[in-house]
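# Architecture at a glance
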Amino acid sequence: MVLDNLSESLKSIMRKISGSSFIDKDTIKEVTKEIQRALLKADVNVKLVLKLTNTVQERALNEKPPAGMTAQDYIIRVIYEELLKILGTDSNFDLKPQTIMLVGLYGNGKTTTAGKLARLFMKKGLSTGLIAADVHRPGAFEQLQQISGDVNSGFYGENGEKNALKIVRNGIKELADFKIKIIDTSGRDSLDQELIDEVHEIKEKINPDTVLFVIDATLGQQAGPQAKTLHDAVNIDGVIITKMDGTGKAGGALSAVADIQSPVYFIGTGEHMDDIQIFNPKKFLSRLLGMGDIDALMEVVKETNITEEEAEASLDKLMSGKFDLKDMYDVWEKFAKPGLLKKFFGALPLGKMPGGNKLDESQLDQADEKLRLYRVILDSMTFYELENPDVLNAKRIKRIAAGSGQGEKNVRQLLKEYNAMKKNMKSIKKNRNFKKMLKTQLKGGNFSLDDLESKML
């Protein structure tokens, strides 16, 4: 999850509001100050932070909750609505044939992003060609050519040619049969008139369908001036934020997006060519606040390659809070792929659990890495022990450790993770709306993310 520190701070604020017996003026002021601190640490623009928190405080003090909604839940909704304004509107990006022009400075990941976009479009069945129009950076031609080979996309470039517009025109003709054409334009170490003139000329003469500004999430407050200058020059349609996985300071880039009022189309989440996501503000904020991501949860279920009935039965066992070690073994069999357990718990609305319980990520990592080891341990238990974990005393643990050859420490670690999972699943059991909606999804229902938000907020 990107922006982990901000996410934890906001989740803590949400838990504080939910756990308050009553909401008064002092509570609201304290909460808004905590929101200010959390956003400023994430490098969100100071003016934007003050505007947001002043609005939150004013609405929380003056607006009355709708009938049937508690003051606590309404304040959480207000915070959600105001934070969503920073993230911008949904881009409603259409995966259709088009010419895309990428703009941005050196070091922001523009060329790599061109390859990631090509991979994404091609996975959706759209043939894609890359055009090497960066005529200034040494090695830019070779880098894009290599990336094109890595993702098996089309490629056009003229090594040594210094007229970017000529390259783009020829590239559009040569790649005419490709449904998607991505133009990787030149960057600079800083914004200068030569760069502005070059990208402006390409935009005016080629008239691409979409102009996307590629910006590094680690830039902080420098992101704002860059975005505004390029927006004035080429009228940016949308933004791609790179390196979202490697910084807690992405608030600067998000502030820039809010300033130019252009939606975020994609975010880069890693170094590999598959590490790019279509950005959905509501999903992003829901996960940031710990409200869960029902679509991500459904993707995990699909990856298990089990039927809807089996998935529902497994989730019933997990969410009942009554499952034993045998049930846990059966669930692990279905979620045995590396990373699936982590994805599953990452998609659940853990931030809304009573007491704010959550599984530690290191435990989930160990659950992936030690899945085979744990199976051996479970195979060394009797059926009675699997169905009645509470009977596992020191003597039984010693026998199981010897029988499995895995040592008492690993047996106790398995039991520790089992108890943590059981504790958290008991908390989810109390959220009837989430469980009901999840089952409806599994049966082919049409609950949307908006349904989830309305029930979780």
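This text gives an overview of the structure that appears in the document. All of these numbers come straight from a predicted model, not from anything done at the bench.

When its secondary structure is counted, the protein shows 22 helices and eight strands. Looking at the protein as a whole, 52% of its 457 residues are labelled buried. When contacts within the protein are restricted to residue pairs at least 6 apart in sequence, those whose partners lie at least 24 apart make up 76%. Per element, the accessible surface of the protein, about 21,100 Å² overall, is 46% carbon and sulfur.

For the rest of this paragraph, the subject is the packing of helix 5 (residues 110-123) against helix 6 (residues 140-151). Any two packed helices are characterised by the angle at which their axes cross and by the distance between the axes. For the pair helix 5 and helix 6, interaxial distance at closest approach is 9 Å and the crossing angle is 20°. On the basis of their axis angle, the class for helix 5 and helix 6 is roughly parallel. For the pair helix 5 and helix 6, the sense of crossing is right-handed. From helix 5, Thr111, Thr112, Ala114, Gly115, Ala118, Arg119 and Met122 reach across to helix 6, where they touch Gln143, Leu144, Ile147, Asp150 and Val151. For the contact of helix 5 with helix 6, the class distribution of residues is six nonpolar, four polar and two charged.

Okay, the pattern of salt bridges next. Scanning all chains against the criterion turns up 18 salt bridges. Notably, a salt bridge pairs Asp274 with Arg119, separated by 3.1 Å at the nearest N-O pair. Here the residue Asp274 occupies a position in the loop between strand 7 (264-268) and strand 8 (276-278), and Arg119 occupies one in helix 5, the gap between them amounting to 155 residues. Taking the shortest distance from any N to any O, the salt bridge between Lys123 and Asp274 comes out at 3.7 Å. Taken together, the positions of Lys123 in helix 5 and Asp274 in the loop between strand 7 and strand 8 put the pair 151 residues apart, joining distant regions of the chain. Residues joined in a network through salt bridges with shared partners are Arg59, Glu63, Arg77, Glu81, Glu82 and Lys85.

The next thing to look at is the packing of helix 2 (residues 25-41) against helix 3 (residues 46-62). Relative orientation of the contacting elements helix 2 and helix 3 amounts to 160°, with a least axis distance of 10 Å. One way to sum up the angle between helix 2 and helix 3 is to call them roughly antiparallel. For the pair helix 2 and helix 3, the sense of crossing is right-handed. Of the residues in helix 3, those in contact with Lys25, Ile28, Lys29, Thr32, Ile35, Gln36, Leu39 and Leu40 of helix 2 are Val46, Val49, Leu50, Leu52, Thr53, Val56, Gln57, Ala60 and Leu61. Each residue belonging to the contact of helix 2 with helix 3 can be placed in one class, and the counts come to eleven nonpolar, four polar and two charged.

Let us look at empty space enclosed by the protein. Summed over the entire model, instances satisfying the criterion amount to three cavities of 30 Å³ or more. Contributing to the lining of the largest cavity are twelve residues, with Leu6, Leu39, Leu87, Leu254 and Leu288 lying nearest its centre. Of all the secondary structure elements, the ones that give two or more residues to the lining of the largest cavity are helix 1 (4-19), helix 4 (71-87), helix 10 (251-260) and helix 11 (281-288). The leading source of residues in the lining of the largest cavity is helix 4, at three residues. Residue composition of the lining of the largest cavity, grouped by class: eleven nonpolar, one polar and no charged.

Membership of the largest hydrophobic core comes to 71 residues, with the highest contact counts inside it found for Ile79 and Ile241. When residues in this core are grouped by element, the largest group, ten residues, is from helix 4. Counting 24 residues, the second-largest nonpolar core is a separate cluster that includes Ile100, Leu117, Phe121 and Met273.

Positive phi, normally seen in glycine, also occurs at Asn152, with a value near 60°. Counting through the fold element by element, Asn152 comes out in the loop between helix 6 and strand 3 (154-156). Here Asn152 falls in the exposed class, since its relative accessible area comes to 63%.

Before going further, it helps to spend a moment on the sheet that holds strand 2 (residues 128-133). Strand order in the open sheet made by the eight strands is 3-2-4-1-5-6-7-8, with mixed pairing throughout. Where the open sheet ends on each side, the last strands, each with one partner, are strand 3 and strand 8. Neighbour to neighbour, the strand axes of the sheet diverge by 20° on average, direction disregarded. Inspection of the sheet shows strand 6 (residues 238-242) paired to strand 7 by three bridges, in the parallel sense. Residue pairing for strand 7: Val239 is matched across the bridge by Val264. The sheet strands contacting helix 7 (residues 164-174) are strand 1 (98-103), strand 2, strand 3 and strand 4 (180-185), and the helix crosses strand 2 at an angle near 165°.

Once that is clear, we can look at the packing of aromatic side chains. Using the criterion set out here, one finds three aromatic pairs in the structure. Pairing Phe141 with Phe155 gives two aromatic rings, centres 5.4 Å apart and planes at 70°, and the pair type is edge-to-face. Here Phe141, found in helix 6, pairs with Phe155, found in strand 3; they are 14 residues apart in sequence, far enough to count as distant. Residue Phe141 is classed as buried on the basis of its relative accessible area of 15%. The exposure class assigned to Phe155 is partly exposed, which follows from its relative accessible area of 22%. Look at Phe279 and Phe284: their rings are 5.2 Å apart centre to centre, the planes differ by 50°, and that puts the pair in the tilted class.

The subject of this paragraph is the pairing of strand 5 (residues 210-216). The buried count for strand 5 comes to seven of seven residues, which makes it a mostly enclosed element. Here strand 5 shows no split at all, with Thr210, Leu212, Val214 and Asp216 on one side and Val211, Phe213 and Ile215 on the other all buried. Pairing of strand 1 with strand 5, which is carried by four bridges, proceeds in the parallel orientation. Each residue of the ladder has a partner; that of Val103, found in strand 5, is Phe213. Relative to strand 6, strand 5 is paired through five bridges, and the arrangement is parallel. Each residue of the ladder has a partner; that of Phe213, found in strand 6, is Val239.

The rules behind each value
- Residues numbered from 1 in each chain as written.
- Predicted model: local features only at pLDDT ≥ 70, side-chain atom pairs only at ≥ 80, totals over all residues.
- Heavy atoms only, no water.
- Helix = DSSP H or I, 4+ residues; strand = E, 2+ residues; numbered from the N terminus.
- Buried < 20%, exposed > 50% of the residue type's maximum accessible area, 1.4 Å probe, protein only.
- Contact = heavy atoms within 4.5 Å.
- Areas by Shrake-Rupley, 256 points an atom, 1.4 Å probe, with all protein chains shown as cover.
- Axes fitted to C-alpha atoms, helices over the stretch in contact; angles between N-to-C directions.
- Parallel < 35°, antiparallel > 145°, perpendicular 65-115°, else oblique.
- Left-handed = near helix turned anticlockwise from the far one by under 90°.
- Nonpolar A, V, L, I, M, F, W, Y, C, P; charged D, E, K, R; others polar.
- Salt bridge = Lys/Arg side-chain N within 4 Å of Asp/Glu carboxyl O.
- 1 Å grid on protein atoms, 1.4 Å probe; cavity = no way out; pocket = protein on both sides within 12 Å on 5 of 7 lines; lining within 4 Å.
- Points joined across faces, edges and corners; volume = space filled by probe spheres on them.
- Core = buried A, V, L, I, M, F, W, Y, C linked by side-chain atoms within 4.5 Å.
- Pairing = 2+ DSSP bridges.
- Phe/Tyr/Trp six-rings, centres within 6.5 Å; stacked < 30°, edge-to-face > 60°.

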